[in-house]
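Here is how the chains run, residue by residue.
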Amino acid sequence: MKKVKELREQNNCLFSNDICESNGKYKNEKNHAIAKSALLKKISHKNQVMVFAWEERDFYKNNGKLSKRNIKNANTYRVLCGKHDKLLFNEIEDGKKFDEHNSKQLFQFAFRSLIFEYSHSKIKSNFDDLVPDIFNKVADAHLIYNTRNFEDFKELYDAKRWDGVKHDIIKLKKQISFVSSFYTRPIWKINKMYLFSTQNISINIFPQDEYTFIILSRIANKSKSIDNYCKNLKKLAQKDEDKFLKYISKLVISSDKNIAINPCSWENTSKENREDFYKCAHFFSNNNSKVSKLLFKAIKYNFYSCKCNLFDM
Ligand SMILES: [Zn+2]
């Protein structure tokens, strides 16, 4: 824990360029992985949310359980300098409403998920099994992919090519009490078949008015199988909403370390569902990075049915 804190404090802004405020001279501030006023506030109760405070001592003391945090301190990490934090996310901060026709805003949602995942994988790469990292999923391979993806996004960003990222937006008439933002490579399709691709997807889920938005984003024209995967998910959402929500819920619980849940909803969830939530969230934890073991776990995960459904909370 101490080392994580040190590494975070030494960190320069991830986006260093000429306008950067950090560049070794200034310590960058802590940034929200999920927009505070635009999103966290919406699902909070008395400004509190449930999160995995996974770079804090509490997380290890209570065996990886969720902790209650004020939205000011929920999911905050030292990743970018103040200038870049404002500039990179200016379309999704300050209570700005989601507009599915705003391509710059969509780009920022996708980029934000990647930026925090990339930063996490950089921090993780400093540990060689010294710390029982509950979210350690073959850290090194992830760092290589994430670095490449980050560079690709950065190039698009510098060129203001917002259309370089493709999105599928699913809008459901449904109220939810959580917010999710993560960057992942799904390994199993809806039909339990293996998904052949090394491309990642940014997934953002949040409420707005009486709707729930689910945004699936990835770099355009890179992987046909990922495009098909997103297309099929969108189709399923229209055809069989229950099945779709179950699938997404399991994916979120097992992959999103930034998830924030309304404390009352969490409190009202049955003990059985809460236990299942943790089982699913820590499914790949404490692996010793042996490929055979990981493979076995991945197959077990595919056929494991998570009883906890975030969309029913
Ligand atoms: Zn900067």
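Per chain, residue numbering runs from 1 following the sequence as it is written. Note on the predicted model: pLDDT of at least 70 is required for a residue's local features to be given, and 80 or more for side-chain atom pairs to be given and counted; whole-chain, interface and lining totals, by contrast, use all residues.

1. Regarding the overall build of the chain
- Strands are runs of DSSP state E lasting at least 2 residues, helices are runs of H or I lasting at least 4, and numbering of each runs from the N terminus. Scanning the chain from N- to C-terminus turns up 11 helices and 9 strands.
- Taking the principal axes of the C-alpha coordinates as reference, the chain spans close to 50 × 45 × 45 Å.
- Whether a residue is buried, exposed or partly exposed is read from the other C-beta atoms within 10 Å of its own C-beta, which are placed from the backbone; 20 or more gives buried, 12 or fewer gives exposed, and intermediate counts give partly exposed. When each of the 313 residues of the chain is scored for burial, the buried share is 35%.
- Contacts are defined on C-beta atoms placed from the backbone: any two residues whose C-beta positions lie within 7 Å are in contact. For the chain, long-range pairs separated by at least 24 residues make up 73% of all intrachain contacts whose partners lie at least 6 apart in sequence.

2. Some words on the environment of I34
- Positionally, I34 belongs in the loop between strand 1 (30–32) and helix 2 (36–43).
- Along the backbone, I34 and Y304 are 270 residues apart, and their C-alpha atoms lie at a distance of 29 Å.
- Contacts of I34, omitting those with residues within four sequence positions, involve L39, L40, N75, V179, S181, N258 and A260.

3. Notes on helix 7 (residues 224–239)
- Expected helix span is taken as 1.5 Å per residue step, with the number of steps being one fewer than the number of residues. The end-to-end C-alpha distance of helix 7 is 22 Å, a good match for the 22 Å that 16 residues give at a rise of 1.5 Å each.
- Turning to helix 7, the residues buried within the fold contact strand 5 (165–172), strand 7 (201–208), strand 8 (211–219) and helix 8 (241–255).

4. Quick notes on the pairing of strand 7
- Among the 8 residues of strand 7, 6 are classified as buried, and the element is accordingly described as predominantly covered.
- Strands were regarded as paired on the criterion that DSSP finds at least two bridges between them. One ladder, built from 5 bridges, connects strand 6 (residues 178–184) with strand 7; its direction is antiparallel. Its bridge partner being in strand 7, F182 is matched across the sheet by I203.
- Where strand 7 meets strand 8, 7 bridges bridge the pair, whose relative direction is antiparallel. Bridge pairing in strand 8 links N204 to I215.
- The antiparallel pairing of strand 7 with strand 8 creates a hairpin that spans 2 residues between the two strands, and D209 there sits at a positive phi of about 50 degrees.

5. Quick notes on helix 2
- Along helix 2, the positions that sit buried rather than exposed are K36, A38, L39, L40 and I43.
- In this structure, the buried residues of helix 2 make contact with strand 1, strand 2 (48–51), strand 6, strand 7 and strand 9 (260–261).

6. Digging into the nonpolar core
- Of all hydrophobic cores here, the largest spans 69 residues; its most connected members are L40, V49, V179 and A260.
- Per element, the largest residue contribution to this core is 9 residues, and it comes from helix 5 (residues 103–124).
- Excluding residues that lie within four positions of it along the chain, L40 makes contacts with I34, A35, V49, I71, A74, V179 and A260. To define a nonpolar core, we join buried Ala, Val, Leu, Ile, Met, Phe, Trp, Tyr and Cys residues through C-beta atoms within 7 Å and take the resulting set.

7. Thoughts on unusual backbone geometry
- Phi is positive for N75, which is not a glycine, with a value near 55 degrees.
- N75 sits in the buried class, given 26 other C-beta atoms within 10 Å.
- The phi angle at D209 is positive, at roughly 50 degrees, despite the residue not being glycine.
- Among the secondary structure elements, D209 is positioned in the loop between strand 7 and strand 8.

8. Focus: the environment of I169
- Looking at where I169 falls in the secondary structure, it is placed in strand 5.
- C-alpha of I169 to C-alpha of L106: the two residues are 63 residues apart in sequence and 9.7 Å apart in space.

9. Considerations on the confidence of the model for the chain
- A residue's pLDDT is simply how confident the predictor is in it, with values from 0 to 100. Looking at the chain as a whole, the pLDDT averages 88, with 91% of positions reaching at least 70.
- With pLDDT under 50 throughout, residues 129–135 is counted as low confidence; its partners more than four residues away or in other chains account for 10 contacts.

10. Re the packing of helix 7 against helix 8
- Angles here are taken between N-to-C directions and fall from 0 to 180 degrees, while the axes themselves are lines fitted to C-alpha atoms, restricted in helices to the stretch in contact. At a minimum axis distance of 6 Å, the contact between helix 7 and helix 8 shows a crossing angle of 135 degrees. Here helix 8 runs oblique to helix 7, going by the angle between their axes. Seen from helix 7, the contacting residues are L233, L236 and A237; seen from helix 8, they are E241, K243 and F244.
- Charged residues are taken to be Asp, Glu, Lys and Arg, nonpolar residues to be Ala, Val, Leu, Ile, Met, Phe, Trp, Tyr, Cys and Pro, and polar residues to be all remaining types, Gly included. For the contact of helix 7 with helix 8, the class distribution of residues is 4 nonpolar, no polar and 2 charged. Every angle not falling under 35 degrees, over 145, or within 65 to 115 is termed oblique; those three ranges are roughly parallel, roughly antiparallel and roughly perpendicular.

11. Section: the packing of helix 8 against helix 10 (residues 271–281)
- Running from amino to carboxyl end, helix 8 crosses helix 10 at an angle of 65 degrees, the nearest separation of the two axes being 7 Å. Regarding helix 8 and helix 10, the two cross each other, and that crossing is right-handed. Counting all contacts with helix 8, which are made through K250, I253 and S254, the residues of helix 10 involved are F277, C280 and A281.
- Residue composition of the contact of helix 8 with helix 10, grouped by class: 4 nonpolar, 1 polar and 1 charged. Throughout, a crossing is termed right-handed when the near helix is turned clockwise from the far one, and left-handed when it is turned anticlockwise from it by less than a right angle.

12. Brief notes about the environment of R8
- Tracing the chain through its elements places R8 in helix 1 (residues 2–10).
- A sequence separation of 194 residues divides R8 from S202, and the C-alpha atoms of the two residues are 23 Å apart.
- When sequence neighbours within four positions are dropped, the list of residues in contact with R8 reads Y77, R78 and I123.

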